[in-house]
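Secondary and tertiary structure notes
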Amino acid sequence: MVSKEPALLSDLTNTRTIRQNPAMQVTDLCSVEELDVEHTVVCGQTFRWRQDVDRWWSCFLTESVTRRPFLVRLHFENGRVLCQADPNDLPCIRSYFRLEVDLAQLTEEFLGADPNIAPAVAAFPGLRVLRQDPVECLFSFLCTSAAPLHRIRKGIDGLCRLLGERHDGPLGEPHFAFPTPERIAETEIADLQALGVGYRARYLQATARQVVAHGGAPWLLALRDAPYEDAKAALLTLTGVGEKIADCVCLFCLDKDAAIPVDTHVRQIAERYYLQGAAPKSLTKNSYALIGDTIRNRFGPMAGWAQQYLFYADTFEKKAWSAYEAQYRCGVVGEPK
DNA sequence: ATGATACCTCC
DNA sequence: GAGGTATCA
């Protein structure tokens with residue numbers, strides 16, 4: 001599997017070089033009860049995090065307003081989350097993980113609203129919904145339709161390597177920023193398809209052109225200030241964006257905490273707990289809304305977070321964690337198992 | 001409005 | 001067949 005993509009070997013993050021970068025400092029970010037880094041970055045809301053050889057989790061993120069890329073590395077030790085980053089980037093990192101949300105209070109409210117969520121909350125304390133950069137979130141989720149996790153990660157990684165701005169570390173280790181809509185818009189469909197994203201290549205180019213026509217990244221970011229319904233409606237006009245992906249983008253980067261992305265897992269959960277007998281046979285526009293409304297009625301305006309606990313606990317049960325985790329290890333992206 | 005099918009790719 | 005969408009009946 002290594003011989004298939006030898007180029008990746010040279011791209012492994014050399015943690016020593018990062019430690020030698022004087023701008024990178026280790027900070028005590030918060031407690032592990034406040035943030036479970038590992039499950040938060042592998043629970044299906046973001047796809048570019050990886051575990052370096054020293055087991056620190058790392059990602060090359062983009063600040064949503066300034067479009068400035070920056071490196072983050074996180075690790076947990078003695079009940080604390082340690083953060084290795086440029087101190088100037090700490091506010092961005094706190095914002096990304098939405099540490100302003102009082103998770104203890106929120107999960108307490110969820111438990112009061114519905115005891116069915118107790119096992120999920122108990123299994124993953126510290127699991128959070130992110131505030132990602134909308135550009136990365138939208139174009140990432142365009143790659144997710146009917147695709148397994150390793151394919152999603154490979155496609156997104158390829159997209160960044162092909163079109164993302166390259167930033168070299170102190171000893172030349174490369175980091176690729178997520179590409180701009182403009183860059184994706186000017187790329188041939190065939191070149192995008194060569195990344196292994198299949199028919200989603202057409203969606204990437206079409207949506208990139210539509211976003212650029214609307215004003216680019218700032219237009220997407222402005223949806224954060226719009227009501228959920230308006231933001232979702234705007235996203236639904238984009239090619240390749242249906243209800244599920246629109247809700248993923250709303251929830252995972254636009255602060256729309258009531259958004260419920262409904263897939264087969266969430267549908268099964270809704271059937272099991274709330275809709276016995278009255279369960280819809282298929283996922284139509286109406287049944288999609290019914291399931292979302294059911295969960296919103298139960299958990300209120302932060303229902304999207306409740307959905308994430310229920311969803312992840314359900315999928316986690318079905319896959320052995322070791323097999324799951326292996327896809328993230330050592331930064332080797334793109335190869336399954 | 002609901003239901004069926006094709007669309008890339010690869011295990 | 002897979003964590004979905006566009007298209008057409």
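Everything below is about the structure printed above this text.
Quick word on the overall build of chain A
Secondary structure assignment for chain A yields 17 helices and 7 strands. Here the analysis covers contacts within chain A between residues at least 6 apart in sequence; of these, 70% occur between residues at least 24 apart. Only carbon and sulfur atoms are counted for the fraction: they give 54% of the accessible area of chain A, which is about 14200 Å².

Comments concerning the protein's contact with DNA strand C
Close to DNA strand C lie 17 residues, the nearest being S145, Y199, G240, G242 and F311. Those atoms of DNA strand C that come within 4 Å of the protein belong to sugar or phosphate at a rate of 56%. One of the side-chain N or O atoms of Y199 is found 3.1 Å from a base nitrogen in DNA strand C. A distance of 2.8 Å separates a phosphate oxygen of DNA strand C from a polar atom in the backbone of G242. Of the residues assigned to the surface near DNA strand C, the class counts are 9 nonpolar, 5 polar and 3 charged.

Some details on the protein's contact with DNA strand B
Near DNA strand B lie 9 residues; those nearest to it are R151, Y199, R200, S282 and N286. Within 4 Å of the protein, the atoms of DNA strand B are drawn from sugar and phosphate moieties in a proportion of 75%. Between a phosphate oxygen of DNA strand B and a side-chain N or O atom of S282, the distance comes to 2.8 Å. Here a phosphate oxygen of DNA strand B sits 2.8 Å away from a polar atom, N or O, in the side chain of N286. When the residues that make up the surface near DNA strand B are grouped by side-chain class, the tally is 1 nonpolar, 5 polar and 3 charged.

A short note on the packing of helix α12 (residues 228–236) against helix α13 (residues 243–253)
It is the contact of α12 with α13, at a shortest axis distance of 9 Å, that shows an interaxial angle of 130°. Considered as vectors, α12 and α13 are oriented oblique to each other. The way α12 lies across α13 gives a crossing that is right-handed. Contacts between α12 and α13 involve Y228, A231, K232, L235 and L236 from the former and E243, A246, D247, V249 and C250 from the latter. When its residues are assigned to classes, the contact of α12 with α13 shows 7 nonpolar, no polar and 3 charged.

Things to note about the pattern of salt bridges
Evaluation of the coordinates by the stated rule reveals 20 salt bridges. The salt bridge partner of R161 is D157, with a shortest N-O separation of 2.7 Å. Here R161 and its partner D157 are both found in helix α7 (residues 149–163), 4 residues apart, which amounts to about one turn of the helix. In the salt-bridge network here, residues are joined through shared partners; they are R98, E100, R131, D255 and D257.

A short note on the packing of aromatic side chains
Between two aromatic rings, the relevant description is the distance of the centres plus the angle of the planes. One pass over the full model with this rule turns up 12 aromatic pairs. Summarising the aromatic geometry, the rings of Y96 and F97 are spaced 5.0 Å apart at their centres and angled 85° between planes, so their arrangement reads as edge-to-face. Since its relative accessible area comes to 6%, Y96 is described here as buried. Look at Y199 and Y203: their rings are 6.0 Å apart centre to centre, the planes differ by 80°, and that puts the pair in the edge-to-face class. Among the aromatic residues, those joined into a cluster by ring pairs are F47, F141 and F252. Directly above the aromatic system of Y199 lies the positively charged group of R200, at a separation of 4.3 Å from the ring centroid. For the cation-ring pair, R272 lies above Y273, with the distance from its terminal atom to the ring centre recorded as 5.2 Å.

The rules behind the values
Residues numbered from 1 in each chain as written. Chains lettered and ligands numbered in written order. Predicted model: local features only at pLDDT ≥ 70, side-chain atom pairs only at ≥ 80, totals over all residues. Heavy atoms only, no water. Helix = DSSP H or I, 4+ residues; strand = E, 2+ residues; numbered from the N terminus. Contact = heavy atoms within 4.5 Å. Areas by Shrake-Rupley, 256 points an atom, 1.4 Å probe, with all protein chains shown as cover. Near = heavy atom within 4 Å. Polar contact = N/O pair within 3.5 Å; in protein donor to acceptor, adjacent residues only side chain to side chain. Nonpolar A, V, L, I, M, F, W, Y, C, P; charged D, E, K, R; others polar. Axes fitted to C-alpha atoms, helices over the stretch in contact; angles between N-to-C directions. Parallel < 35°, antiparallel > 145°, perpendicular 65-115°, else oblique. Left-handed = near helix turned anticlockwise from the far one by under 90°. Salt bridge = Lys/Arg side-chain N within 4 Å of Asp/Glu carboxyl O. Phe/Tyr/Trp six-rings, centres within 6.5 Å; stacked < 30°, edge-to-face > 60°. Buried < 20%, exposed > 50% of the residue type's maximum accessible area, 1.4 Å probe, protein only. Lys NZ or Arg CZ within 6 Å of the ring centre and 35° of its normal.

Geometry only, nothing functional implied.
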